[in-house]
Amino acid sequence: MSVKRMPIGHGGLSDARADIELETEVVIVGGAVAGASMAHALAEYNVSSIIFERHARIPEVNRGDVLQPLTLSMLDRWGVYPHVTAMGGFPLYEWNFYNPRIGHLGTWNFSSLPGKFNHQTILRHSRIHEALYAAMDAKAHLINVQRGSEVTGVLFDEDRQAVVGIYGEQNGRTFEARARVVVAADGPRSQLRRFLQIDQEERYKYDHEYLMLTTPRPKVPEMDRKGIQYVGNHGLVVLIPLDGGEEIRIPVQIPRGAQPEWRRLSESQLRNRLLVRAPVLEHVDTSGAMAHLSHSYPVSWLQSRCYVKHNVCLIGEAARTVHPTTAQGMNMAFLDAEVLAAVIKRCFLRDGVSDESLGLYESARRPVAEKVMETSHHQTVHHTARGLWHDIWGSRMYRWVEDDTAKRELSISVAGLNNPTSKSLGILEGLDVTAGGSSG
Amino acid sequence: MTTGNDRATAKRQGMPELTRPAISEIDALQEVVRVMLGFQTRDQLDELFRKPIVRQAVMNLEKALEMTRARRQPDEFALALAVEMELLKQTREAGHDLEALFNDPDHHVAPSAEIASLIEKIWTEEPDA
């Protein structure tokens, strides 16, 4: 089959034969959590994939650390969970809300959730990557990882209707990979999405960003396998016990653009600001809070207008970004992968590969993602309200809304247990998933 | 030799002459309050202090500060406590004792719609023109 090369981003256009030629069933562009989980989800159905990741090594980034119960059940299925545990995955059973001035306000508890996983697991983001890749060793016949690979263009079929592969550079050599489906897992600034001219709608512009800090964990009962969220006058501060429980990650809500001012603070000024917002930090040394991987990032709620175009499927943050308050972004990526893998297998076995048949992924995931984003936004607006009035009156609502049914529903929602998987959607019902597929 | 602080040096270097304060007394006071109370902008400060309940509350700020310090809390919390004390006083005068509602940590009953609207009304009351 002859193909047409089209550069994406700043990539060059070359008709020369690539130094490395690869062929697989699914090409995955981007090897972070979304891309790696996509490969695992495909491997469950014996579908081969190649991951192209531009970083030569797993980067140490400071992103999502919270694995929700539904995600844990998928990681268990894919054989990743033992690696999560081995790398220090830390079960967290409860979140408590506090106002710094008033004290305890309310609790979210996961311990009564149905199913095998009645807790979240906290593992620093880079170790989640490591766990996903460690679990690939046993699947080397299905998952090929090409690190240090910069994807610079796509291969279109002759009619320019379907993307049938990608090309790029790796260590000074050119490569080309052909596949039946391409998955864009290349993050919020997805080059593939932009190349395909899939617009994103900005649903809400938040007035704040998060400054990510790290300190030792206060050795107090309130933080023993529990997380704390402080709400009130200055906005949200979240204390997340990291793997092993010795350190905590602290996203601090600051006004948009305020990071330079925070960076100029002396150690004592920073400590004062932190103690006003999160008094439990009086038990720990905060002098190194900014030292390790601290950064800030603006938060936004963006939704792509479509998830599938020319046989390219967007997953994770390539498809959407959501406010991190309820830790849904990364977890939505896992479920995207789980559902899309089943849809791809169905296409291979029965429906053939086309935007129409792959569109089942979008019709399954979009309404669920919309609901999760709505819930997340609602919680965000609640938790990130600032000002004296919130301190005096609004934050007390957490204490007063102590209806057990409402709290349980919220815990189930945050845990992801309301979100249908490929199994509950019946995507592969009646099909022999152990069979190789060649339809289409 | 100049010290760098004299008028000629200031003028030569394009610096403002420090013959009088750069801002008014009221601006200076507002800036101190803004920084000490942790406000991001002067507008936020203005908006808060326009409220009658806040202006009434500051008359008890010293007492609130004592209580805040007795609880080993940061001084910054005193203003919220003063407003809360004023809120409780005004609702008491309207015939409702909300002390337990506000201060019992085990109190998990939401206020009635009547109480909620009374408190909202006190907070959102506009100052006399």
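What you see is a predicted model, and the numbers here were worked out from it, not measured in a lab. (Residues numbered from 1 in each chain as written. Chains lettered and ligands numbered in written order. Predicted model: local features only at pLDDT ≥ 70, side-chain atom pairs only at ≥ 80, totals over all residues.)

Each helix and strand counted, chain A has 13 helices and 22 strands in total. Scaling as 2.2 N^0.38, a compact globule of 440 residues should have a C-alpha radius of gyration of about 22 Å, and chain A matches this with 22 Å. Each principal axis of the C-alpha distribution contributes one length, and for chain A these read about 70 × 50 × 40 Å. (Helix = DSSP H or I, 4+ residues; strand = E, 2+ residues; numbered from the N terminus. Rg over C-alpha atoms; globule rule 2.2 N^0.38 Å.)

This part is about the overall build of chain B. Of the regular secondary structure elements, chain B holds eight helices and zero strands. Along chain B, helices (α) and strands (β) appear in the sequence α-α-α-α-α-α-α-α when read from the amino end. A burial count over chain B gives 13% of its 129 residues as buried. Relative to all contacts within chain B whose residues are 6 or more apart in sequence, the contacts with residues 24 or more apart total 40%. (Buried ≥ 20, exposed ≤ 12 C-beta atoms within 10 Å, placed from the backbone. Contact = placed C-beta atoms within 7 Å.)

It is worth spelling out the nonpolar core at this point. For soluble globular proteins, nonpolar side chains are generally found buried alongside one another. Counting 124 residues, the largest nonpolar core has Ile28(A), Val29(A), Met38(A), Val183(A), Cys313(A), Ile315(A) and Leu340(A) as the members making the most contacts within it. Taken together, domain 1 (4–89 + 123–201 + 300–387 + 419–425) and domain 2 (206–299) of chain A each give at least three residues to this core, which thus spans both. Counting 13 residues, the second-largest nonpolar core is a separate cluster that includes Leu388(A), Ile392(A), Ala57(B) and Ala78(B). (Core = buried A, V, L, I, M, F, W, Y, C linked by C-beta atoms within 7 Å. Domains from an automatic or database assignment.)

Contact with chain B, which involves 18 residues of that partner, is made by 17 residues of chain A. Taken together, the elements giving at least two residues each to the side of chain B that touches chain A come down to helix H6 (78–93) and helix H8 (113–124) of chain B. Residues belonging to the side of chain B that touches chain A are distributed by class as follows: twelve nonpolar, four polar and two charged. (Nonpolar A, V, L, I, M, F, W, Y, C, P; charged D, E, K, R; others polar.)

Next up on the list: the sheet that holds strand S11 (residues 149–156) of chain A. Residue and element names in this part refer to chain A. On the basis of which strands lie adjacent, the open sheet formed by five strands has the order S1-S11-S12-S13-S2 and mixed pairing. Each having just a single partner strand, strand S1 (4–7) and strand S2 (20–23) make up the two edges of the open sheet. Taken over all neighbouring pairs, the strand axes of this sheet differ in orientation by 30° on average, direction set aside. Two elements, strand S12 (residues 163–170) and strand S13 (residues 173–178), share six bridges in a ladder whose sense is antiparallel. If you follow Glu169 over to S13, its bridge partner there is Thr174. (Pairing = 2+ DSSP bridges. Axes fitted to C-alpha atoms, helices over the stretch in contact; angles between N-to-C directions.)

So, on to the domain arrangement of chain A. Residues and elements named next belong to chain A. Along its sequence, chain A is carved into domain 1 (4–89 + 123–201 + 300–387 + 419–425) and domain 2 (206–299). Placing a centre on the C-alpha atoms of domain 1 and another on those of domain 2 gives a separation of 30 Å. Taken together, the contact pairs 18 residues of domain 1 with 21 residues of domain 2. Of the residues in the side of domain 1 that touches domain 2, the class split is four nonpolar, nine polar and five charged.

Residue and element names in this part refer to chain B. Across the interface, H6 lies against H8 with an axial gap of 11 Å and an inter-helix angle of 120°. As far as their axial angle goes, H8 and H6 are oblique. Between H6 and H8 the crossing geometry is right-handed. Here Leu87, Gln90 and Thr91 of H6 lie close against H8, whose contacting residues are Leu118, Ile119 and Ile122. A breakdown of the residues in the contact of H6 with H8 according to their chemical character gives four nonpolar, two polar and no charged. (Parallel < 35°, antiparallel > 145°, perpendicular 65-115°, else oblique. Left-handed = near helix turned anticlockwise from the far one by under 90°.)

Glancing now at the sheet that holds strand S5 (residues 66–67) of chain A. Residue and element names in this part refer to chain A. An order of S5-S9-S6 is seen for the three strands of this open sheet, with the pairing classed as antiparallel. For this open sheet the edge positions go to S5 and strand S6 (90–92), each flanked by a neighbour on one side alone. Bridge count between S5 and strand S9 (residues 120–122): two bridges; the pairing is antiparallel. Residue Leu67 lies in a different strand from S9, and its bridge partner there is Thr121.

A few words now on unusual backbone geometry. The phi angle at Ala327(A) is positive, at roughly 55°, despite the residue not being glycine. Following the sequence through the fold, Ala327(A) ends up in the loop between strand S22 (320–321) and helix H8 (329–351). A residue is classified by how many C-beta atoms lie within 10 Å of it, and Ala327(A), with 23 of them, is buried. A positive phi is found at Arg72(B), a non-glycine position, where the angle reads about 60°. Here Arg72(B) is to be found in the loop between helix H5 (61–70) and H6. We classify Arg72(B) as exposed; it has 8 C-beta atoms within 10 Å.

This part is about the pairing of strand S16 (residues 226–230) of chain A. Residue and element names in this part refer to chain A. Taken across its five residues, S16 has four buried, putting it largely inside the fold. In terms of strand pairing, S16 meets strand S17 (residues 237–241) through three bridges, oriented antiparallel. Paired with Ile228 across the strands is Leu239, a residue of S17. In textbook terms, the turn of a hairpin is the stretch between consecutive antiparallel strands, and for S16 and S17 this stretch comprises six residues, one of which, Gly232, has a positive phi near 150°.

This part takes up the pairing of S12(A). Residue and element names in this part refer to chain A. The element S12 is largely enclosed, with a buried count of seven among its eight residues. If you look at the hairpin formed by S11 and S12, you'll find six residues sitting between the two strands, and Arg160 has a positive phi there, around 55°. Counting the residues that bridge the hairpin from S12 to S13 gives two residues, and of these Asn171 lies at a positive phi of roughly 50°.

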